[in-house]
Each structure stands twice: as C-alpha cells, then as structure tokens.
Amino acid sequence: MLSTARPIIVDTLDTHASELHDAPDIVEARGRGAHTLVGVPLLAGGSAFGVLVLESGRPAACSLDDLTMIERVVDTMAVAIENAQLVRRITERTFELEQANRQQESLLGTILELSSPVVPIARSILVMPIVGAMDAQRSGRFIESMLQDITERQARVVLVDVTGMAVVDAASVEHLLRAARAARLLGAEVVLVGITPAAARLMVEEGVDLGSVTTRSTLELGFAHALSKTGGQIVYRRSA
C-alpha cells in the first residue's frame, strides 16, 4: 500500500484474494476476529509516510462512500502530522542554533579576555598587551577590565602595549585615549608602548594627536618610566 499510495478494502475471509489472504497483516487481523480491513495511506507531497488501518468484525463494513469520507479524515490527519513534524524539526534546529550561538559567544568572550590580558609586573604597575583590532565593543570591555584591575591592585601606571594591534589608526587611538582619560580619573597613568615606525607614520599622516598621553617605543622603556613614577628601581646584581 505504501508503494502504490492507494487505499484498500480487504475481506479477510475472502479466499479468492489469494495475493492478500495469506499476508501476515491479514492473517493477524483474521485471528483477532476482523472480517473487514481498511487501509488508507497518509500522504505528504504525493508520497506515503504511513498507513491508517481500520478493522471491523462485520462483513462489508466499509462502502466506497465510507472510504471516501475516511480518506478526507486521513488527509486532514496527514497534514496535522506533517505540520507537527515540521514544528519539531524547526524547534530542534532552533535549539541547535541557540546552542551554537551560546558557544560562539562564550568563545568570543574567551578570545577577548585572552587578547587583552592584565599582567601585574611590579608593585602598582600593570601591563595590558592588545592583540588584534580595537573596535567600539572591545574598547568598552578593555576599559572595564582596566579600571577594575586598577582599583583592585591600586595601580598607578598601566603600560598598554600596542605592538600586537592590527591597525593603529585614528579610530583605534581614540579608544585608547578614552581608556587613558578613564584611568586618570582613578589616579593612574596610561603609557602607550610598542608603537612601530609604520604606526607612527600612519598616525602622523592622519593627524592623530595623543595629547598628554605618554608614549615609549618599547615595553622596557615604558617599564623604566613606570618605575620612576612609582619610586621603584631596577637593581642589577653582578654575577659571581
């Protein structure tokens, strides 16, 4: 029936229907006392995906008119089942997409944290290397993280290492200046270190003004400046 996608009415006691008389389903129905067996396929897109089977102990219990009515009911059932399966697939897909989105957000958060770590290298001195691009969204996270560590560690100097920044242009520098102004409100100084010659040339060409923000070409020079601000010093011990 599934292959032909056509309804069928079977008299289980009709021995003339030799091709169906000994079929397992017919034999089983006959064993239950069924005399009339009706099978109507459930159709979706012209293909059968199931069968509704009705049985009765009365002979000739289903007329052609009855079969027509049953087909209409089965068509409605098929549509309902197909819609339910579609809703289930959509729900499963939505869940998969939401789960993938949560994993992506978690991964993005991890990447952002790793790309702007806060490293205390001496008393009252922090280093924050920046890797990648500095956009508006990342700037907010960067400033929030920096201010939190300034407060927790009572930092007086933050060395922002821009060596690993993808582009040091007017837009990214503006984000860094905002960070410097925010740090100043907490009594800390931001020092930009690691500005490459190419980045310096680009900043000059774009007319970028760093204002009062201190810059040093290397992290080592920035650290020396930070020590001078915090009263520290570097002590070199002569090897034995």
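Scroll up to find the structure this text is about.
All values derive from a computational prediction rather than experimental measurement.

### Focus on the overall build of the protein chain
Then comes step 1: The number of helices and strands found in the protein chain is seven helices and eight strands.
Then comes step 2: Taking all 240 residues of the protein chain together, 32% fall into the buried category.
Then comes step 3: Taking the intrachain contacts of the protein chain between residues at least 6 apart in sequence as the baseline, contacts between residues at least 24 apart amount to 61%.
Then comes step 4: Accessible surface, the protein chain: about 15200 Å² in total, of which carbon and sulfur atoms supply 55%.

### With respect to the side chain of Thr 214
Then comes step 1: In this structure, Thr 214 sits in strand E8 (residues 214-216).
Then comes step 2: Polar side-chain contacts of Thr 214 include one of 2.9 Å to the side chain of Glu 189.
Then comes step 3: Other than its neighbours up to four places away in sequence, Thr 214 contacts Glu 189, Val 190, Val 191, Leu 192 and His 225.

### Some details on a nonpolar patch on the surface
Then comes step 1: Taken together, the side chains of Phe 49, Met 69, Val 73, Met 77 and Ile 81 define a hydrophobic patch exposed on the protein surface, amounting to about 410 Å² of accessible area.
Then comes step 2: No other element matches the four residues that helix H3 (residues 64-115) contributes to the nonpolar patch.
Then comes step 3: Its place among the elements puts Met 69 in helix H3.

### Focus: the pairing of strand E4 (residues 119-122)
Regular strands have side chains that alternate between both faces of the sheet.
Then comes step 1: In this structure, E4 lies alongside strand E5 (residues 125-132), joined through three bridges in antiparallel fashion. Each bridged residue has a counterpart across the sheet, and for Ala 122 the counterpart in E5 is Ile 125.
Then comes step 2: What sits between the antiparallel neighbours E4 and E5 is a turn of two residues, in which Ser 124 has the positive phi angle 70°.

### Remarks on the side chain of His 225
Then comes step 1: Note on placement: His 225 falls in helix H7 (residues 219-230).
Then comes step 2: Each residue touching His 225, except ones within four places of it in the same chain, is listed here: Glu 189, Val 191, Thr 214 and Arg 216.

### Structural notes on the sheet that holds strand E2 (residues 36-44)
Sheet strands line up and pair through hydrogen bonds in the backbone, either parallel or antiparallel.
Then comes step 1: An order of E1-E2-E3 is seen for the three strands of this open sheet, with the pairing classed as antiparallel. Two strands close off the open sheet at either side, each with one partner strand: strand E1 (8-11) and strand E3 (47-56). Looking at each pair of strands side by side, their axes are set apart by 20° on average, direction ignored.
Then comes step 2: Relative to E3, E2 runs antiparallel, the two being bridged by nine bridges. When the sheet's bridge partners are listed, Pro 41 is paired in E3 with Val 51.

### Describing the pattern of salt bridges
Then comes step 1: The full count for this structure, using the stated rule, is six salt bridges.
Then comes step 2: Its salt-bridge partner being Glu 28, residue Arg 32 comes within 3.3 Å of it at the nearest N-O pair.
Then comes step 3: Overall, the relative accessible area of 48% leaves Glu 28 in the partly exposed class.
Then comes step 4: A salt bridge links Glu 92 to Arg 88, with the shortest nitrogen-to-oxygen separation between them at 3.2 Å. Of this pair, Glu 92 and Arg 88 both sit in helix H3, separated by four residues, roughly a single helical turn.
Then comes step 5: Salt bridges linked by common partners bring Glu 28, Arg 32 and Glu 55 together as one network.

### Here we look at the nonpolar core
Then comes step 1: Grouped together as the largest cluster of nonpolar side chains are 31 residues, with contacts concentrated most on Phe 142, Met 146, Val 160 and Leu 192.
Then comes step 2: Contributions of two or more residues to this core are made by E5, helix H4 (136-153), strand E6 (157-165), helix H5 (170-185), strand E7 (189-193) and helix H6 (197-205).
Then comes step 3: For this core, the leading source of residues is H5, giving seven residues.

### Thoughts on the packing of H4 against H5
Then comes step 1: The interhelical angle for the contact between H4 and H5, taken along N-to-C directions, is 25°, at an axis separation of 10 Å. Regarding the angle of H4 to H5, the classification is roughly parallel. Of the two elements, H4 crosses H5, and the hand of that crossing is right-handed. Counted together, Ala 136, Ser 139, Phe 142, Ile 143, Met 146, Leu 147 and Ile 150 of H4 and His 175, Arg 178, Ala 179, Ala 182 and Ala 183 of H5 form the full contact between these two elements.
Then comes step 2: When grouped by side-chain class, the residues that make up the contact of H4 with H5 number nine nonpolar, two polar and one charged.

### Observations concerning H5
Then comes step 1: Counted at 1.5 Å a residue, the expected span for H5 with its 16 residues is 22 Å, and the 23 Å between its end C-alpha atoms agrees.
Then comes step 2: By the burial criterion, the buried members of H5 are Ser 172, Val 173, His 175, Leu 176, Leu 177, Ala 179, Ala 180, Ala 182 and Ala 183.
Then comes step 3: Next to the buried residues of H5 lie E5, H4, E6, E7 and H6.
Then comes step 4: Downstream of H5 by one or two residues, Gly 187 has phi in the positive range, about 85°.

Parameters and conventions
- Residues numbered from 1 in each chain as written.
- Predicted model: local features only at pLDDT ≥ 70, side-chain atom pairs only at ≥ 80, totals over all residues.
- Heavy atoms only, no water.
- Helix = DSSP H or I, 4+ residues; strand = E, 2+ residues; numbered from the N terminus.
- Buried < 20%, exposed > 50% of the residue type's maximum accessible area, 1.4 Å probe, protein only.
- Contact = heavy atoms within 4.5 Å.
- Areas by Shrake-Rupley, 256 points an atom, 1.4 Å probe, with all protein chains shown as cover.
- Polar contact = N/O pair within 3.5 Å; in protein donor to acceptor, adjacent residues only side chain to side chain.
- Patch = residues over 30% accessible without salt bridge, like charges linked within 9 Å, V, L, I, M, F, W, Y side chains within 5 Å.
- Salt bridge = Lys/Arg side-chain N within 4 Å of Asp/Glu carboxyl O.
- Pairing = 2+ DSSP bridges.
- Axes fitted to C-alpha atoms, helices over the stretch in contact; angles between N-to-C directions.
- Core = buried A, V, L, I, M, F, W, Y, C linked by side-chain atoms within 4.5 Å.
- Parallel < 35°, antiparallel > 145°, perpendicular 65-115°, else oblique.
- Left-handed = near helix turned anticlockwise from the far one by under 90°.
- Nonpolar A, V, L, I, M, F, W, Y, C, P; charged D, E, K, R; others polar.
- Expected span 1.5 Å × (residues − 1).

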